[in-house]
Amino acid sequence: MRTWFTYNDRMNSKLTFPKHGPADRLPKHDRTAWLKAGAARCEQPPRTPQGEAWRIVLLGAPGIGKGTQAELLCDRLSTCHLSTGDIFRTAKCLQEHEQTPSMKDALTFMRQGALVPDTTVLGLIRDRLRCLRCSGGFLLDGFPRTVPQAEALERILQAENVQLSAVLNYELPIERIVARISGRRTCSQCKAVYHVTTRPPKVADVCDQCGGSLFQREDDRPESVEVRMKAYETSTRPLISFYQQRGLLLSISAEGSPEEIYQRTRVLALGN
Ligand code: ADP
């Protein structure tokens with residue numbers, strides 16, 4: 001029995017997407033349960049989607065802009081941005097005694113730009129299963145990143161009786177991506193993403209959304225970037241055919257500004 005809907009099934013169903021829905025007026029999603037797991041709960045309940053909730057996986061090389069698109073799409077689809085990289089960055093901000101041994105190991109891999117081992121990543125995902133079954137849906141960014149992770153996700157979703165809606169694969173030549181990464185800045189508080197030339201904050205080094213200070217990620221430095229690109233080619237690129245075979249893949253050019261890419265995504269993936 002087929003355990004996923006193809007993208008065409010989804011587009012032929014009676015789903016609606018608010019152009020300027022209530023999502024525009026609501027504060028950002030509460031991602032406490034995702035970022036902290038354990039007993040942590042989101043204080044703000046998930047927004048009720050119009051129609052069925054979207055459950056999307058974002059693919060693409062590191063630095064291609066998945067995080068930026070994820071934020072824009074989440075506002076539009078009233079769903080939650082679940083980034084595995086954000087889990088690691090949140091853990092990095094904890095005091096050393098608050099970090100578990102496996103999280104400390106994971107952070108060492110991350111600093112070098114290498115992939116965190118599948119067993120560690122899957123352990124983190126299993127601690128956050130309720131985010132995958134959340135009625136508001138989800139937008140996964142940075143997971144799955146290897147074929148074993150994708151196979152494990154498939155098994156988890158099957159057990160939860162949850163179907164993926166689509167896998168959006170962003171594409172851009174590697175040298176252009178490297179230029180994007182070198183200008184990327186992230187908010188130390190709310191994790192919003194900026195770029196010094198293509199998406200600058202209104203005030204230099206200050207987040208427009210929360211006033212937090214902006215910083216360059218350790219793994220955005222040149223020596224880590226090379227390792228990340230190799231890991232992408234070897235381990236993550238094979239996911240394109242994995243999801244193509246399941247009829248879920250939509251490839252989208254990541255040329256142009258974040259807004260242009262978002263408009264392209266809307267037309268191609270959401271149909272408006
Ligand atoms: P980017 O996509 O720009 O590389 P992310 O925020 O998704 O950034 O990930 C940052 C780092 O976190 C990765 O380089 C890797 O070390 C680690 N990481 C995140 N998600 C995964 C994953 N699913 N599997 C293995 N490592 C991961």
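Residues numbered from 1 in each chain as written. Predicted model: local features only at pLDDT ≥ 70, side-chain atom pairs only at ≥ 80, totals over all residues. Heavy atoms only, no water.

### Points about the overall build of the chain
If you tally the helices and strands in the chain, you get twelve helices and eight strands. Among the 272 residues that make up the chain, the fraction classed as buried is 51%. Across the chain, the fraction of contacts at a sequence separation of at least 24, relative to all contacts at a separation of at least 6, is 73%. (Helix = DSSP H or I, 4+ residues; strand = E, 2+ residues; numbered from the N terminus. Buried < 20%, exposed > 50% of the residue type's maximum accessible area, 1.4 Å probe, protein only. Contact = heavy atoms within 4.5 Å.)

### Focus on the nonpolar core
Ranked by size, the top nonpolar core spans 65 residues in total, and within it Phe88, Leu132, Leu140, Leu168, Tyr170 and Tyr243 carry the most contacts. Broken down by element, this core gets its largest block of residues, five residues, from helix α8 (residues 147–160). When residues no more than four places from it in sequence are discounted, the contact partners of Leu132 are Arg55, Leu82, Ile125, Phe138, Leu140, Leu153, Ile156, Leu157 and Val162. If you look at the next biggest cluster of nonpolar residues, it comprises five residues, including Cys187, Ala192, Cys207 and Leu214. (Core = buried A, V, L, I, M, F, W, Y, C linked by side-chain atoms within 4.5 Å.)

### Focus on the packing of helix α10 (residues 222–236) against helix α11 (residues 238–245)
The contact between α10 and α11 brings their axes to 6 Å, and the two run at 35°. Side by side, α10 and α11 meet where Tyr232, Glu233, Thr234, Ser235 and Thr236 of the first sit next to Pro238, Leu239 and Ile240 of the second. Broken down by class, the residue content of the contact of α10 with α11 amounts to four nonpolar, three polar and one charged. (Axes fitted to C-alpha atoms, helices over the stretch in contact; angles between N-to-C directions. Nonpolar A, V, L, I, M, F, W, Y, C, P; charged D, E, K, R; others polar.)

### Concerning the site of the ligand
In the vicinity of the ligand, 20 residues are found, and the nearest of them are Thr84, Arg89, Ala114, Gly142 and Arg228. Between Lys66 and the ligand, the recorded distance is 3.5 Å, taken from a side-chain N or O atom to an oxygen atom. Compared with its free state, where it exposes 540 Å², the ligand has 98% of that area covered by protein. Of all the elements, helix α4 (residues 84–92) adds the most residues to the shell around the ligand, at four residues. Considering only residue class, the shell around the ligand consists of eight nonpolar, five polar and seven charged. (Near = heavy atom within 4 Å. Polar contact = N/O pair within 3.5 Å; in protein donor to acceptor, adjacent residues only side chain to side chain. Areas by Shrake-Rupley, 256 points an atom, 1.4 Å probe, with all protein chains shown as cover.)

### A look at unusual backbone geometry
Of note, the bond from Phe143 into Pro144 is cis; its omega dihedral lies within 30 degrees of zero at 0°. Of note in the backbone geometry, Asn161 takes a positive phi value of approximately 60° without being a glycine. Looking at the element boundaries, Asn161 is found in the loop between α8 and β4 (166–171). Given the relative accessible area of 63%, Asn161 is considered exposed.

### Some words on the sheet that holds strand β3 (residues 138–141)
Pairing is parallel across the open sheet formed by five strands, whose spatial order is β2-β3-β1-β4-β8. Each edge of the open sheet is held by one strand with a lone partner, namely β2 (81–83) and β8 (249–253). Averaged over all neighbouring strand pairs, the angle between strand axes comes to 25°, with direction disregarded. Alignment of β4 against β8, held across five bridges, turns out to be parallel. The residue of β8 that forms the bridge with Tyr170 is Ile252. This element, helix α3 (residues 66–77), spans β1 (55–59), β2, β3 and β4 of the sheet and lies at about 180° to β3. Of the strands in this sheet, β4 and β8 are in contact with helix α12 (residues 258–270), which crosses β8 at around 150°. (Pairing = 2+ DSSP bridges.)

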